[in-house]
Amino acid sequence: MRKLFAGRTFLAGLAAMAIAAFGAVEAKADKLQDILSKGVVRIGVPLDAPPFGSQDANRKAVGFDIELAEMVAKGLGVKLEMQQITGANRIPFLLTDKVDIVISVMGLSPERARQIQFTAPYANTFLAVYGAKSANVTSPETLGSNRVAAAKGTTQELAITESAPKANVMRTEDDATAAAAYITGQADLLATNSIVAQALAKQNPSKEFERKFVIRRSPAHMGVQMDQHNLVRWLDSFIFYASINGELDRLHKKYLDMPMDPLPTL
């Protein structure tokens, strides 16, 4: 971690520059300034989507998004207050000011972008439907009567609903429940993130996780309240800095078992 935070002064400077550059634009309360003044940042993270977020044997939060949240707080020079969130309540937690930032393997969509502001992506993944090799499914149109488990409010659940309105979708409260429904046989298929599916396959070697079809590419972005330009500007600078100094690549190798792919830009 020393390599990243040798540039801590640099990141602090970015925070000051962001406030100065966008202060005239920002009419509402400035979230970045509030975080720096209070010395605390509230970040919503998942605990139901390994390897991005889960609990170890000692019930300690671990994962890609957990460590990234810790890095963000340290880069800001403030205390981290983590709050567990799910796919369904990620945006509501931002809108009701329960958290300042969401780091929860969240995909960007035009609909979501009308409610919150997204940073540049920090991880490159895709969404897909998985099932047994024997399941004759190759597209949304061929889902038939197969029951598909998907956490409600997630990009994969919304996409399947849109592309196959008559699909038999089992909408669960969170990703962990959706995964459990597939693993225990309550559902025939599972719609989830490609990295989550990879982790589940390793944890459940007796269960088949064959990819049936890709829903869409879905890079992971951080989210903040709409119009918080100073904060999103700082986070974009943080993501850029972590990518060029190798810290994002380190997280990809540690948790995703792969080097960081080139990321799309906003």
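Residues numbered from 1 in each chain as written. Predicted model: local features only at pLDDT ≥ 70, side-chain atom pairs only at ≥ 80, totals over all residues. Heavy atoms only, no water.

This paragraph deals with the pattern of salt bridges. Inspection of every chain in the model, using the stated rule, returns 11 salt bridges. Notably, a salt bridge pairs Lys31 with Asp100, separated by 3.5 Å at the nearest N-O pair. One end of the pair, Lys31, is in helix H3 (residues 31-38); the other, Asp100, is in the loop between helix H5 (90-95) and strand E5 (101-106), and 69 residues separate them in sequence. Beyond isolated ion pairs, a larger network of salt bridges with shared partners links Lys31, Arg42, Asp97 and Asp100. (Salt bridge = Lys/Arg side-chain N within 4 Å of Asp/Glu carboxyl O. Helix = DSSP H or I, 4+ residues; strand = E, 2+ residues; numbered from the N terminus.)

Unoccupied space between atoms shows up once a probe the size of one water molecule is rolled over them. A volume near 330 Å³ is recorded for the largest pocket. Around the largest pocket, the lining comprises 16 residues; the ones closest to its centre are Ser109, Glu111, Arg112, Thr155 and Leu158. Elements with a contribution of two residues or more to the lining of the largest pocket: H5, helix H6 (110-113) and helix H7 (155-163). Along the lines of polarity and charge, the residues of the lining of the largest pocket split into 6 nonpolar, 5 polar and 5 charged. (1 Å grid on protein atoms, 1.4 Å probe; cavity = no way out; pocket = protein on both sides within 12 Å on 5 of 7 lines; lining within 4 Å. Points joined across faces, edges and corners; volume = space filled by probe spheres on them. Nonpolar A, V, L, I, M, F, W, Y, C, P; charged D, E, K, R; others polar.)

Ranked by internal contacts, the top residues of the largest apolar core, which has 50 residues, are Phe64, Leu68, Val72, Ile101, Ile103, Tyr122 and Met222. Among the elements that make up this core, the one with the highest residue count is helix H4 (residues 64-76) (8 residues). Here Leu68 is in contact with Ile103, Tyr122, Met222, Phe238, Leu248 and Leu251, once residues within four sequence places are set aside. Of all hydrophobic cores here, the second largest spans 13 residues; its members include Val137, Ala164, Leu189 and Ala191. (Core = buried A, V, L, I, M, F, W, Y, C linked by side-chain atoms within 4.5 Å. Buried < 20%, exposed > 50% of the residue type's maximum accessible area, 1.4 Å probe, protein only. Contact = heavy atoms within 4.5 Å.)

Next up on the list: the sheet that holds strand E8 (residues 147-151). Reading across from one edge, E9-E8-E10-E7-E11 is the order of the 5 strands in this open sheet, with mixed pairing throughout. The sheet is open, and its two edges are formed by strand E9 (168-172) and strand E11 (210-217), each paired on a single side. Going across the sheet, the axis of each strand differs from the next one's by a mean of 25°, ignoring polarity. As defined by bridge partners, E8 adjoins E9 across 5 bridges and the pair is classed as parallel. Bridge pairing links Val148 to Val169 in E9. Running at roughly 120° to strand E10 (residues 189-193), helix H9 (residues 194-203) makes contact with strand E7 (126-131) and E10 of the sheet. (Pairing = 2+ DSSP bridges. Axes fitted to C-alpha atoms, helices over the stretch in contact; angles between N-to-C directions.)

Counted by the stated rule, this structure contains 5 aromatic pairs. When the centroid spacing of 5.6 Å and the interplanar angle of 50° are considered together, the rings of Phe52 and Phe64 count as tilted. Residue Phe52 is located in the loop between strand E1 (40-46) and strand E2 (54-55), and its partner Phe64 is located in helix H4; the two are separated by 12 residues in the primary sequence. An aromatic cluster is defined as three or more aromatic residues linked by ring pairs; in this entry it consists of Phe52, Phe64, Tyr122 and Tyr255. Here the basic side chain of Lys98 rests over the ring of Phe93, its NZ or CZ set 5.5 Å away from the ring centre. (Phe/Tyr/Trp six-rings, centres within 6.5 Å; stacked < 30°, edge-to-face > 60°. Lys NZ or Arg CZ within 6 Å of the ring centre and 35° of its normal.)

Once that is clear, we can look at helix H10 (residues 229-244). Along its 16 residues, H10 runs 23 Å from first to last C-alpha, staying within 8% of the 22 Å computed at 1.5 Å per residue. Every buried residue belonging to H10 is among Asn230, Leu231, Val232, Trp234, Leu235, Ser237, Phe238, Ile239, Tyr241 and Ala242, and all of these are buried. Immediately beyond the C-terminal end of H10, within one or two residues, lies Gly246, with a positive phi of roughly 95°. (Expected span 1.5 Å × (residues − 1).)

Turning next to the packing of H4 against helix H11 (residues 247-255). Running from amino to carboxyl end, H4 crosses H11 at an angle of 155°, the nearest separation of the two axes being 10 Å. With respect to H11, the element H4 is oriented roughly antiparallel. The crossing of H4 and H11 is right-handed. Residues Phe64, Glu67, Leu68 and Met71 of H4 form the contact with H11, whose participating residues are Glu247, Leu248, Arg250, Leu251, His252, Lys254 and Tyr255. A class-by-class count of the residues in the contact of H4 with H11 yields 6 nonpolar, 1 polar and 4 charged. (Parallel < 35°, antiparallel > 145°, perpendicular 65-115°, else oblique. Left-handed = near helix turned anticlockwise from the far one by under 90°.)

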